[in-house]
Amino acid sequence: MQESWFHLSDFRYEPPDRIEADATVPDDSLFFSGHFPKMPVVPGIAMVAMVERTLNRHASRSGLDRSITGLRRVRFRSLIESGSSFHLIIAPHRLNPELDFTFEVIHRDKKACDGVIRFCSERHASPLQDEPPDNRKPLDVAIEDCIPHRDRMKVIDSLLEIGEEHCVTRADVNERWPLVDSGATSSVVLIEVAAQTASSLISWKRRYKEETGGRGFLVGVKLAKWSHSRIPVGTRLFTHVKVIMQRDNYLVFASKVISPPGLSAEIQFQAFRPNDGDYLIPR
Amino acid sequence: MTHEEGFDYIIAFFMEQFEIPREKITLEARLLDDLGLDSIDALDMIGMFEAQYDIEVNEEELRSIRTVQHVIDFLVKAIP
């Protein structure tokens, strides 16, 4: 099932600590049915998921009980078209080589994505506070009017609350969600859930507050941590997003995803709203 | 804030926020070319200064900050 999203090949472990692999997101990848209509570009979560699967394969071969429990300082550096191939380079992080790995996702000899990923036993995952379920009725707003994501890449179902600088959404994980395999998806997808919640807020501000700026693009994940690496199908997620910084067309969001009882995540991420459709982080 | 206090603050800030090794953080170090920051890091840094010290950084000031020394000069001037 997961092979329909992307292909991983030529996995190699170069002792003592370097891991490399190649990956392809084919033109007919399930990502492109809805990311985005008439503009098929590789989602940021696809590149992080490639790294995750490479590390999972390494753990499996090495007999390690480890999974992805967080990310930090991740950058998505350019828009990548469908049908692209990537080279992955992963190595232990100098500050905490037992738990953290730096990664680079290379496309056409340039970094398309890079960052630090925490790969450890879930026993070492950051404990996050449990919260009660949100029983409010959804607002009478069509999600399709708020976000450009469609088909299998549309992950949020309804808006529960929206205001000047915050938004709350609800989402039910189902079999059609990105990266679902064996009855569960990767917690990496929570980044997409948070980003779509933020996208709803941006759309609302543009429509009702007449703010300038075009569609927002995810340009980075400042910090993310979650309690579980997998989310079972059938899980209901409540996602709270608020703007914690805005400077012109650059925004930083803080989000909390909860699923009472037990699963939770905190994600700080960065978005950019180019006026001219251009998208690139200059050095 | 004195220059000395500013330098100590920036060393701790860059090490914690951007995971830059201590030995790289010199007064002459260029933020982009020597420390490996990008434009997003620069915006985040300014945003954190603004929030922490209740100051505002205008576009001209932002564009003039290119080295560690420039960051310290800005902080010393902005923070009494």
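Model, not experiment: these values are computed from the prediction.

Procedures and definitions
The numbering scheme is per chain: residues are counted from 1 as the chain's sequence reads. Chain letters and ligand numbers both follow the written order, the letters beginning at A and the numbers at 1. Per-residue local features of the predicted model are confined to residues with pLDDT of at least 70, and side-chain atom pairs are confined, for both listing and counting, to 80 or more; whole-chain, interface and lining totals are unaffected and use all residues. In computing side-chain properties, one takes all heavy atoms of the structure into account and sets aside hydrogens as well as water. Helix and strand assignments follow DSSP, with helices taken as H or I runs no shorter than four residues and strands as E runs no shorter than two, numbered in order from the N terminus. Two things to know: the radius of gyration comes from C-alpha atoms, and the globule rule equals 2.2 Å times the number of residues to the power 0.38. For each residue, the accessible area found with a 1.4 Å probe, counting protein chains only, is set against the maximum for its type, and the residue is called buried under 20%, exposed over 50%, and partly exposed in between. Computed with the Shrake-Rupley method and a 1.4 Å probe, the accessible areas treat only the protein chains shown as cover for residues. Positive: Lys, Arg. Negative: Asp, Glu. His and the chain ends are not part of the count. Each charge is placed at NZ for Lys, CZ for Arg, CG for Asp and CD for Glu. Between two residues, a contact is recorded if the distance between any of their heavy atoms is within 4.5 Å. Buried area, as used here, totals the accessible surface that two parts lose on assembly, with accessibility defined by a 1.4 Å probe and the loss added over both. By convention in these notes, a salt bridge is any Lys or Arg side-chain nitrogen within 4 Å of a carboxyl oxygen on Asp or Glu. Residue type decides the class: Asp, Glu, Lys and Arg count as charged, Ala, Val, Leu, Ile, Met, Phe, Trp, Tyr, Cys and Pro as nonpolar, and the leftover types, Gly among them, as polar. The definition of a polar contact used here is a pair of N or O atoms within 3.5 Å, where within protein one atom must be able to donate a hydrogen and the other to accept one, and adjacent residues in sequence count solely through side-chain atom pairs. You can read pLDDT as the predictor saying how much it trusts each residue, on a scale of 0 to 100.

1. A word on the overall build of chain B
Move 1: When you go through chain B residue by residue, the secondary structure sums to four helices and zero strands.
Move 2: Taken over C-alpha atoms, the radius of gyration comes to 11 Å for chain B, in line with the 12 Å a tight globule of 80 residues would show.
Move 3: Viewed in the frame of its principal axes, chain B has a C-alpha envelope of about 30 × 25 × 20 Å.
Move 4: The burial tally for chain B puts 46% of its 80 residues in the buried class.
Move 5: Accessible surface, chain B as shown: approximately 4,400 Å² in total, 50% of it carbon and sulfur.
Move 6: Charged side chains in chain B number 6 positive and 19 negative. The centres of these two groups are separated by 8 Å.

2. Some words on the interface of chain B and chain A
Move 1: With 22 residues of chain B at the contact, the number on the chain A side is 19 residues.
Move 2: Summed over both sides, the interface between chain B and chain A buries roughly 1,600 Å², with carbon and sulfur atoms accounting for 44% of that surface.
Move 3: Between the two partners, chain B and chain A, sit seven salt bridges.
Move 4: In this structure, R73(A) and D41(B) form a salt bridge, with 3.3 Å as the shortest nitrogen-oxygen distance.
Move 5: Those elements that provide at least two residues to the side of chain B that touches chain A are helix 1 (3–18), helix 2 (39–53) and helix 3 (59–64) of chain B.
Move 6: Of the residues that constitute the side of chain B that touches chain A, the class distribution is eleven nonpolar, five polar and six charged.

3. A word on the side chain of H93(A)
Move 1: Mapping H93(A) onto the fold places it in the loop between strand 4 (84–92) and strand 5 (100–107).
Move 2: Residue class for H93(A) comes out buried when judged on its relative accessible area of 6%.
Move 3: Side-chain polar atoms of H93(A) contact the backbone nitrogen of L95(A), separated by 3.1 Å.
Move 4: The residues contacting H93(A), other than those within four sequence positions of it, are R72(A), D100(A), F101(A), T102(A), V116(A) and E19(B).

4. Focus on the confidence of the model for chain A
Move 1: Considering every residue of chain A, the mean pLDDT works out to 89; 91% of them sit at 70 or more.
Move 2: Confidence over residues 277–283 of chain A falls short of pLDDT 50; this stretch has 23 contacts with residues more than four positions distant or in other chains.

5. So, the pattern of salt bridges
Where charged atoms of side chains with opposite charge meet at close range, the side chains can pair.
Move 1: This model, assessed by the stated rule, comprises 22 salt bridges over all chains.
Move 2: A salt bridge links R247(A) to E59(B); the nearest nitrogen and oxygen atoms lie 3.7 Å apart. In this pair, R247(A) is assigned in strand 12 (residues 236–247) and E59(B) in helix 3, connecting two distinct chains.
Move 3: Overall, R247(A) belongs to the buried group, its relative accessible area being 12%.
Move 4: A salt bridge links R63(B) to E59(B); its shortest N-O distance comes to 3.8 Å. Separated by four residues within a single helix, R63(B) and E59(B) lie in helix 3, roughly one turn from each other.

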